[in-house]
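Observations on the model geometry
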Amino acid sequence: MRTGNIGAFKLTSVAAAYYKGDEKGPQLQRIYGTAFKNKTALDEYFKMIEEAKRRDHRKIGAEMGLFAIDTEFVGPGMPLWLPKGTVLVEELEKLAKETEFAAGYVRVRTPHLAKEKMYQTSGHLPYYAESMFPPMRLIDSGSHHTMIESGDTIHAETFQDILKDHRQKLDASLEANPDGDINKVTADFFSKLTPEQAKHYQNIASLSFVADLEKAAIGNEERYYLKAMNCPHHHRIFAAEPHSYRDLPLRLAEYGTCYRYEQSGELFGLMRVRSLNMNDAHIYCTEEQFADEFRAVNDMYLKYFKIFGLEKYQMRFSTHAAEGLGKKYVNEPELWKKTEDMVRKVLIESGINYVEVANEAAFYGPKIDVQVWSAIGREFTIATNQVDFAVPAKFGLTYRDKDNSNKTPLCIHRAPLGTHERFIGFLIEHYAGNFPLWLAPDQVRVITLNDDEALINYAKPIVAELRANMVRVDSDFSATPFKAKISNAEQLRVHTMLVIGGRDMEAGAVSVRLHHGGPQGAKPKGEVIADILASIKERRA
RNA sequence: GCCAAUGUAGCUCAGUGGUAGAGCAACGGUUUCGUAAACCGUAGGUCGUCGGUUCAAUCCCGACCAUUGGCUCCA
């Protein structure tokens, strides 16, 4: 674009950026601005930004009482689902369970913790440790295990942190200056302790320094990690029973809660969190079955896009880069190539809209991220789909094949609805909080014109019938002025308001008002109820 | 984690170096009304946390915590 094409521009913000995108490199100050051919296009762009602000999931989430983030007592990045948000969570789970049941998945449940051995075997610790919460340590102190915590007598954790820190400094110093004085480094280290560290240190200082530090560091401790992914647990479920080729494909599904230690600056409302619920499943299959399974997963994505009215999507096919082998990626160059070719073939054959990006794969295999665009045209990476050729072998997973030999299955990780957190965050913006009836936290409210007893008696059975059919319905029979009752319901984004006055009562009708459509006129009450039930059942848009 | 900005009642926001206000919401009462807001009253805040300066700090300074906008990372 030539500068002559810039007809209108506006500065937007100031921020720092890393030189050449390297986190360890120096930072530059960056001034952001945006430019368009003319004023109209510029204004349109800012209108879109305004609209996005209006639809911000944090704002609507608070207005509708969907979720809360209690940074003081629970922690940043760990949302609490309030009752109305839980409705969304459970409706999505219901959708996923139905869809997966029809597609031949079986459900499993696993704990949130596992021993260190799990993640050493899976490769998470070598490749993924910085995204995991630090371990919980159980120390074997002879006859029993003690959870390490801070306190007067238990300071092994501090102890170990100090040791680790000390060692790093010592190593760095010795590396820089091989003839350096160890005592000097140690003295320097002590001088930099905070008073609290020093206090802990005093407790152990009477012990002979190095020997006891070593003992504490190596000691018999068992480490447990919070799971960052469900796959290792699912692999152990696969391992729990012998399998034949006749069992495959085996599709294990779980809405499991995972915990990832996202850096503080990365947290963002529901979109980037530390506790996340994944619509997860792992498909164990043979190489021959891979293409069909992969296609079926893609079909599931497309089905969901239709339900949520997503017209624009793109799959980002992330492959490895040779220079990352053994560092960012498991060191299996041939398997990488073979699997990537397999995935590429399916993508091309099924006419999926995709782009290929190098060097963004998961550590255990190529990855497909699903990008969708919300109603106002903002892009979200919502779901993921990964192939794992490495980890099943590390866990020694096998099935008995036709020729009586043991073979390692392939594993497809897939999460079409991604995480509840991000998916719901996306849906809030996509719908601007005006959810379709089947999803709406407040589906129906029955409102009487006033608190006349006859009206209430006419309205009550309608509420009861809806409730008996699992409709989320409530009522407002109060003496509050009618217009205010309507306004209250509108502000809550109640999807359908059933208004009842004398005229309706006489005609055996109710007057329907839709949150997103205004008054719809009076209709026979039986018809209205039937239509509500059908709309929910069919998950109408 | 890094750079920057921000943090006053449940929400939206005023305000001041001399221990804080409004609207909405909440609660109590009055109001009987056909599709987005009736009226009166009551209650509600350690002014993010901890330190410092000062006779005196919500206000000035520092550290920390959190959020936001980016960077890096990612579902």
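Our structure is the block above this text.
Residues numbered from 1 in each chain as written. Chains lettered and ligands numbered in written order. Predicted model: local features only at pLDDT ≥ 70, side-chain atom pairs only at ≥ 80, totals over all residues. Heavy atoms only, no water.

Attention shifts here to the overall build of chain A. Helices and strands together make up the secondary structure of chain A, namely 18 helices and 23 strands. When the 541 residues of chain A are sorted by exposure, 46% land in the buried category. Of the contacts formed within chain A by residues at least 6 apart in sequence, a portion of 70% connects residues at least 24 apart. Total accessible area computed for chain A in this model is approximately 28,500 Å², and 52% of it derives from carbon and sulfur atoms. (Helix = DSSP H or I, 4+ residues; strand = E, 2+ residues; numbered from the N terminus. Buried < 20%, exposed > 50% of the residue type's maximum accessible area, 1.4 Å probe, protein only. Contact = heavy atoms within 4.5 Å. Areas by Shrake-Rupley, 256 points an atom, 1.4 Å probe, with all protein chains shown as cover.)

Taken together, 57 residues surround RNA strand B, and among them Tyr18, Arg272, Asp451, Ala479 and Gln491 come closest. Each atom of RNA strand B within 4 Å of the protein was classed as base or backbone; sugar and phosphate made up 45%. At the level of secondary structure, the elements contributing two or more residues to the surface near RNA strand B comprise β1 (8–18), β2 (27–36), β14 (367–373), β15 (379–388), α16 (482–491), α17 (502–507) and β22 (509–514). When residues of the surface near RNA strand B are assigned to their parent elements, the largest contribution, seven residues, is made by α16. A breakdown of the residues in the surface near RNA strand B according to their chemical character gives 21 nonpolar, 20 polar and 16 charged. (Near = heavy atom within 4 Å. Nonpolar A, V, L, I, M, F, W, Y, C, P; charged D, E, K, R; others polar.)

There is about 1,400 Å³ of room inside the largest pocket. Of all elements in the fold, only α5 (124–128), β11 (275–285), β14, β15 and β18 (410–415) reach the threshold of two or more residues within the lining of the largest pocket. Residue composition of the lining of the largest pocket, grouped by class: 17 nonpolar, twelve polar and 14 charged. Considered as a void within the structure, the second largest pocket measures approximately 480 Å³ in volume. In terms of lining, the second largest pocket is formed by 18 residues, of which the most central are Glu91, Lys94, Met470, Arg472 and Ile536. Counting only elements with at least two residues in the lining of the second largest pocket, the list comes to α3 (83–102) and α18 (525–537). (1 Å grid on protein atoms, 1.4 Å probe; cavity = no way out; pocket = protein on both sides within 12 Å on 5 of 7 lines; lining within 4 Å. Points joined across faces, edges and corners; volume = space filled by probe spheres on them.)

Glancing now at the sheet that holds strand β20 (residues 473–476). Taking strand neighbours across the sheet as the criterion, the five strands line up as β20-β19-β21-β22-β23 in an open arrangement whose pairing is mixed. At either end of the open sheet lies a strand with only one pairing partner, and these are β20 and β23 (518–524). Pairwise comparison of adjacent strand axes, ignoring direction, gives a mean angle of 25° for this sheet. Taken together, the six bridges between β22 and β23 define a ladder with antiparallel strand orientation. Each residue of the ladder has a partner; that of Leu514, found in β23, is Gly518. Of the strands in this sheet, β19 (444–448), β20, β21 (496–500) and β22 are in contact with α16, which crosses β19 at around 175°. (Pairing = 2+ DSSP bridges. Axes fitted to C-alpha atoms, helices over the stretch in contact; angles between N-to-C directions.)

Take the pattern of salt bridges next. What the rule picks out here adds up to 32 salt bridges. A salt bridge links Lys59 to Glu63; the nearest nitrogen and oxygen atoms lie 3.4 Å apart. Highlighted residues: Lys59 and Glu63, both in helix α2 (residues 57–64), separated by four residues, approximately one helical turn. Among the residues examined, Lys59 registers a relative accessible area of 41% and is labelled partly exposed. Glu63 gets classed as partly exposed once you look at its relative accessible area, which sits at 44%. When the shortest N-O distance is used, the salt bridge between Glu349 and Arg295 registers 3.4 Å. With Glu349 in helix α12 (residues 333–349) and Arg295 in helix α11 (residues 287–307), this pair connects stretches of sequence that are 54 residues apart. Linked through salt bridges whose partners overlap, the residues forming this network are Asp292, Arg295, Lys345 and Glu349. (Salt bridge = Lys/Arg side-chain N within 4 Å of Asp/Glu carboxyl O.)

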